[in-house]
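# Examination of the molecular architecture
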Amino acid sequence: MTIFYKFEGKMYINLTNGCPCKCVFCIRDNADSISGNDSLWLEHEPSFEEITAAFETFDKKGISEAVFCGYGEPMVRADMVVKTAEYIREHSDMKLRLNTNGLVKLMHPDFDINCLKGLIDSVSISLNAPSAARYNEVTRPSFGEKSYEVMLDFAAKMKEFCHTAFTVVDIIDSEEIEVCRAIADKMGIPLRVRAYVTDNESYT
Ligand code: SF4
């Protein structure tokens, strides 16, 4: 069961295959893994004991950043993200990044994002679309169109205490990307445009 894996010199953390979205570009529809790693489909959601045991045996030499990403939305297990981040902080000097769809408020209404303060160094949030309607088409969240505003609000709050970036995948057209850029600029958040890939890229 692959809980930790390497990608582009970083250590990626795969805590869940759960996700409330069904993005049209999701790599999970096309491949079982990325960059030659073992399958990222989990036999079960790993316990904290399984996570720490896997962390201890993982070859961490030369790795300076850990990324919560994996084959699913990490914040489906928000409490486990926090617990794992605290453990990695205690047992390494790695920087911690969270790749997320930004919908934790809908998945876990009681989760206080302030507990990520001082714990997560940077967050990458899938902006994905220039409007709530298009977001609903591209990301297909189970919560419907209200998700877009929730995601933007999450980004604004995270920006107050950690480095925050947006991503879009270039399956939307260039005019839509420019609207996304304007939204990101207005919020003072950098935007990264990712190329649509099917078998060798991280996807959140
Ligand atoms: S790309 Fe990420 S947010 Fe979208 S369906 Fe896949 S795992 Fe979920």
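Going by the structure above, here's the rest.
Structure report, in brief. The shown structure was predicted, so the numbers you read here are calculated from the model rather than taken from an experiment.

This part covers the pairing of strand 1 (residues 4–7). Sheet topology note: the strand 1/strand 2 (residues 10–13) ladder contains four bridges and is antiparallel. Looking at the pairing, Phe-4 lines up with Ile-13 of strand 2. Following strand 1, the chain reverses through two residues before pairing antiparallel with strand 2; Glu-8 in that reversal takes a positive phi of roughly 50°.

One finds Met-11, Leu-116 and Phe-166 to be the most contacted residues of the largest nonpolar core, which totals 61 residues. Those residues within four positions of Met-11 in sequence are excluded, and the remaining contacts are Phe-4, Tyr-5, Phe-55, Phe-58, Lys-60, Ile-63, Glu-65, Ala-66, Val-67, Ile-88 and Met-94. Listed in part, the ten residues of the second largest apolar core include Phe-7, Tyr-12, Ile-27 and Ile-34.

In this structure, Glu-176 sits in helix 6 (residues 174–187). For the pair Glu-176 and Met-11, spaced 165 residues apart in sequence, the C-alpha to C-alpha distance is 32 Å.

Right, let's talk about the pattern of salt bridges for a bit. Evaluated as defined, the whole model comprises eight salt bridges. Between Arg-77 and Glu-45 there is a salt bridge; the shortest N-O distance is 3.4 Å. Residue Arg-77 is located in the loop between strand 3 (65–68) and helix 2 (78–91), and its partner Glu-45 is located in the loop between strand 2 and helix 1 (48–57); the two are separated by 32 residues in the primary sequence. Taking relative accessible area as the criterion, Glu-45 reaches 40% and is therefore assigned partly exposed. Close ionic contact of Glu-65 with Arg-97 constitutes a salt bridge, the shortest N to O distance being 3.4 Å. Here Glu-65, found in strand 3, pairs with Arg-97, found in strand 4 (residues 95–100); they are 32 residues apart in sequence, far enough to count as distant.

Definitions and cut-offs
- Residues numbered from 1 in each chain as written.
- Predicted model: local features only at pLDDT ≥ 70, side-chain atom pairs only at ≥ 80, totals over all residues.
- Heavy atoms only, no water.
- Pairing = 2+ DSSP bridges.
- Helix = DSSP H or I, 4+ residues; strand = E, 2+ residues; numbered from the N terminus.
- Core = buried A, V, L, I, M, F, W, Y, C linked by side-chain atoms within 4.5 Å.
- Buried < 20%, exposed > 50% of the residue type's maximum accessible area, 1.4 Å probe, protein only.
- Contact = heavy atoms within 4.5 Å.
- Salt bridge = Lys/Arg side-chain N within 4 Å of Asp/Glu carboxyl O.

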